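# Close look at the chain arrangement
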Amino acid sequence: MSESRFDVLVVGAGPAGSSAAAAAARKGARVLMVERRETIGVPVRCAEFIPAMLLGELEIDKGFIVQPVKGMKTHIGDHAEKTTRAPGYIIRRDRFDQTLAEKARTDGVQVMTGTRVSHMDADGRVYLTARCGPGHVVEPRIVIGADGPHSTVGRWAGLVNRGLLPAVQVTLPLTRPLDHNEVYFHPTITAGYGWLFPKGDSANVGLGMRTNERDGESIGKTLDRFVTKLRRMDKVSGDPTSRTAGWIPVEPLSRTVHGPIALVGDAAGHTHAVTGAGVFAAVVCGRMAGKWAGEAARNNDIGLLEKYEQGWRDFLGRTLWLARERRRKMEAEWDRFADVIPKCWPVYREYYAKH
Amino acid sequence: MPTRSEAKPSRFSVRQRMELTACTNCRLCADVCPAVKASDKGELSALNRMKGLRKLLKSRGPGFLARLFGSKTMSDEERRDFSNNAFSCTLCGNCREVCPVGIHLKDLWLSLREDLVDTDNFPKKINLIKKNLLESRNVFGEDNEERAEWVEDLDDAPDDLLVRDEAQVVYFTGCTAAYFPVAQKIPLAFAEVLTKADVDFSLMGEDEWCCGFPLLGAGLRDLFPEFAEHNMEAVLEKGAREVVFACPSCYEMWKEHYDYESRGIVIYHSTQFLLRLIQSGALKLKELDMTVTYHDPCDLGRGAREFEAPREVIRSIPGIRFVELPDNRENCNCCGGGGNLEMIDAGLSADIAKAKIEEVLSTGADAVVTSCQQCVRTMLTYAKRNKVPIEVLDITQLVQRALADS
């Protein structure tokens, strides 16, 4: 890479990063997007559901869709409690991410994979380390951190999200196809839930929960039990074909902009603190971040990044803050399990009532 | 040919054996590993080391994992490579910090090293640690009677060289601070501060033995109890009930592996002790006009979970400007000095230090403050060799500098 000056450096090529990079490029900005992995989208750490609404927003090839989903079935304890209409799709997240990144590339974004950001110096230069070949120094005017829950860019700005919840997932063969996502609440899945999302002839089965280092069961063990239960219910059969794990942000950052740095997606805590959903928010907030980064570069005014901060708050703030409140309640009152779930799970009316 | 491991009980607990199957290959450990980041060698990651460990255990024939996965063979060369891999680690514990499934990785690395020593499958430099500790009771093989010789460099060195018959507080110096000239500035500073604050303290002189931390890092856990017993007895002989450490590894070693509470002993890291002295008014500090950042030592931060005391000490110095490192507290990047790595792969250790110093420089601070002689030594050595204009200070040295004239 010969050129080192960019208007916008986007770190992380997930849905938030690619959406931001493409939006900035469409504003005429010179954009570099770097991705730590050699292959974009891998490893997949996601239950792979997107709401139908998101698909309408995306003008890209839809080859990543595996199957449509009509809605969600919520189970509490051993009872199937409620079926909710919530149309959407189960996707291949790796292909989804790759398609979005390819779109960004055609929009004019320069993409470098296998490249890690190491640090930013006092003059705002960013040091890149390439897995193959020499490192680079780039001089971006604006940096968008779309680099996940443990965001490196966020740390540069002192915006560190410590509200993270661990999650694990396996892929298992389905006994028969399903057209609804299934969600399972159980007292042993502390302040979280288990999910069974159908993906053609297999399913993503996972859970996110609070773990207790001292006397709690490990999250892996809890997942094993959950899988056993689903086997007993004859939902799944056979052995896991893949396993994954990660961290879900369960609170939005109080600020996502600091000087020339803006955070978006998981890095900003743009995930629903109870459901863990985050792809839709990542795409929409990514676009906003990219648009205002592009404007800020064009007008030579990084103060315009504040418009992004305001934009995502207007659009998503109430949803995320309510979810955070409900999560806090769920964690505080988990011992009153049957009582607390309807108040903290958004398919129930009580969720939206004043508590 | 039977291996020695078959004669010894396994070093891996049932929990650890279960954990070996819990890894999901999510790679978060590789993302934060200082050795991987400095070398770009993915094989040094926890993820890959877990794979190697599974293979090693399977290669040993009928056992839990062999039953689970079927046994495999491992060539001598593979064994050697794997052993080097196991010791190419600073034991910084960041992998354990980010593991979403909560695998106790640092404990696993210690057990692995023990296993490799049991099976005679370890870098031969480890023998030196063993020989030094058994013969001279300090990790460097120095004369243990010279443990308190640094005291002679004090401006007004007392006649008793700070080794007193009785005292309320014992200052446990640690091997590195006692013998390394660069690190000796720390006990010199701390002794001056303690004296200034009228603390009734004593060193243990030759009665101080290595805390045992290098033994665990070298896979020599069996030799450890003798050291712990001796040290606790020596403290009690002084009539002391409090022990203070400027070395976070000695501190964490006591905290995790010594049965000190049942003997009525209370322990403090220097940062905690300093904070008490400042808050009680025993220490008066003058203004310092400088900008500093703080490096959390692995064993004090991720290990002993003490993040706030050092920050409060720094902030209590008037005039000082404090800036955080980008990766701070539980996310702090290792300096490269941990886990005996320096003895095994000095180049890798220096590469990790380089990344650390670059991160420090990015804050624009005049000095990086830490609270560990090994971190000071590692960062200072790199900065000096490469003529990097940054001051490296232990927190005791910073407080010494801020001592009000009286």
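Residues numbered from 1 in each chain as written. Chains lettered and ligands numbered in written order. Predicted model: local features only at pLDDT ≥ 70, side-chain atom pairs only at ≥ 80, totals over all residues. Heavy atoms only, no water.

This next bit is on the confidence of the model for chain B. Mean pLDDT over chain B: 92, with 95% of residues reaching 70 or higher. Complex prediction metrics read pTM 0.87 and ipTM 0.79. (pLDDT = per-residue confidence, 0-100.)

This part is about the sheet that holds strand β12 (residues 193-199) of chain A. All names here are of chain A. Sheet architecture is open: eight strands sit in the order β3-β5-β4-β11-β12-β13-β10-β14, paired in mixed fashion. At either end of the open sheet lies a strand with only one pairing partner, and these are β3 (49-51) and β14 (242-249). With strand direction ignored, the average angle separating the axes of adjacent strands in the sheet is 30°. Strand direction decides the pairing type here: β12 and strand β13 (residues 202-208), joined by seven bridges, are antiparallel. In the strand pairing of β13, leucine 196 is matched with valine 205. Together, β10 (164-173), β11 (180-185), β12 and β13 form the strand contacts of helix α5 (residues 219-232), whose direction differs from that of β13 by roughly 140°. (Pairing = 2+ DSSP bridges. Helix = DSSP H or I, 4+ residues; strand = E, 2+ residues; numbered from the N terminus. Axes fitted to C-alpha atoms, helices over the stretch in contact; angles between N-to-C directions. Contact = heavy atoms within 4.5 Å.)

All names here are of chain A. Among the structural elements, alanine 146 can be located in the loop between β9 (136-145) and α4 (152-156). Note on alanine 146: relative accessible area 13%, which makes it buried. For the pair alanine 146 and threonine 319, spaced 173 residues apart in the sequence, the C-alpha separation amounts to 20 Å. The contacts of alanine 146, once residues within four sequence positions are left out, are Val11, Gly12, Ala16, Gly17 and Val264. (Buried < 20%, exposed > 50% of the residue type's maximum accessible area, 1.4 Å probe, protein only.)

This paragraph deals with the pairing of β14(A). All names here are of chain A. Most of β14 is tucked away, with six of its eight residues classed as buried. For β10 and β14, the ladder comprises eight bridges, and the chain directions are antiparallel. Of the residues in β14, the one forming a bridge with valine 170 is arginine 243.

This part is about the packing of aromatic side chains. All names here are of chain B. Tallying each qualifying case throughout the model produces 21 aromatic pairs over all chains. Relative to phenylalanine 180, the ring of phenylalanine 140 has its centre 4.9 Å away and its plane inclined at 75°; by these criteria the two rings are edge-to-face. Residue phenylalanine 140 is found in the loop between α9 (125-136) and β1 (169-172), and its partner phenylalanine 180 is found in the loop between α10 (175-179) and α11 (181-196); the two are separated by 40 residues along the sequence. Judged by relative accessible area, which is 30%, phenylalanine 140 ranks as partly exposed. On the numbers, 4.3 Å between centres and 15° between planes, the contact of tryptophan 254 with tyrosine 258 is stacked. Above the plane of the ring of phenylalanine 122 lies lysine 124, whose end atom (NZ or CZ) is 4.2 Å from the centre. The ring of tryptophan 209 is capped by arginine 137, whose NZ or CZ atom sits 3.9 Å from the centre of that ring. (Phe/Tyr/Trp six-rings, centres within 6.5 Å; stacked < 30°, edge-to-face > 60°. Lys NZ or Arg CZ within 6 Å of the ring centre and 35° of its normal.)

Moving on, we come to the packing of helix α15 (residues 270-279) of chain B against helix α17 (residues 308-315) of chain B. Residue and element names in this part refer to chain B. The contact between α15 and α17 brings their axes to 8 Å, and the two run at 40°. With respect to each other, α15 and α17 are oriented oblique. With respect to the hand of their crossing, α15 and α17 are arranged in left-handed fashion. Side by side, α15 and α17 meet where Thr271, Gln272, Leu274, Leu275, Ile278 and Gln279 of the first sit next to Ala309, Pro310, Glu312 and Val313 of the second. Here the contact of α15 with α17 is built from residues that sort into six nonpolar, three polar and one charged. (Parallel < 35°, antiparallel > 145°, perpendicular 65-115°, else oblique. Left-handed = near helix turned anticlockwise from the far one by under 90°. Nonpolar A, V, L, I, M, F, W, Y, C, P; charged D, E, K, R; others polar.)

Another aspect to go through is the nonpolar core. Of all hydrophobic cores here, the largest spans 153 residues; its most connected members are A:Val205, B:Trp109, B:Trp254 and B:Leu398. Looking at this core element by element, the count peaks at seven residues for helix α8 (residues 105-118) of chain B. Setting aside its immediate chain neighbours within four residues, B:Trp109 contacts B:Ala46, B:Arg49, B:Met50, B:Cys89, B:Leu91 and B:Cys95. Within the second largest apolar cluster, 52 residues are counted, among which are A:Ile142, A:Val279, A:Cys285 and A:Leu304. (Core = buried A, V, L, I, M, F, W, Y, C linked by side-chain atoms within 4.5 Å.)

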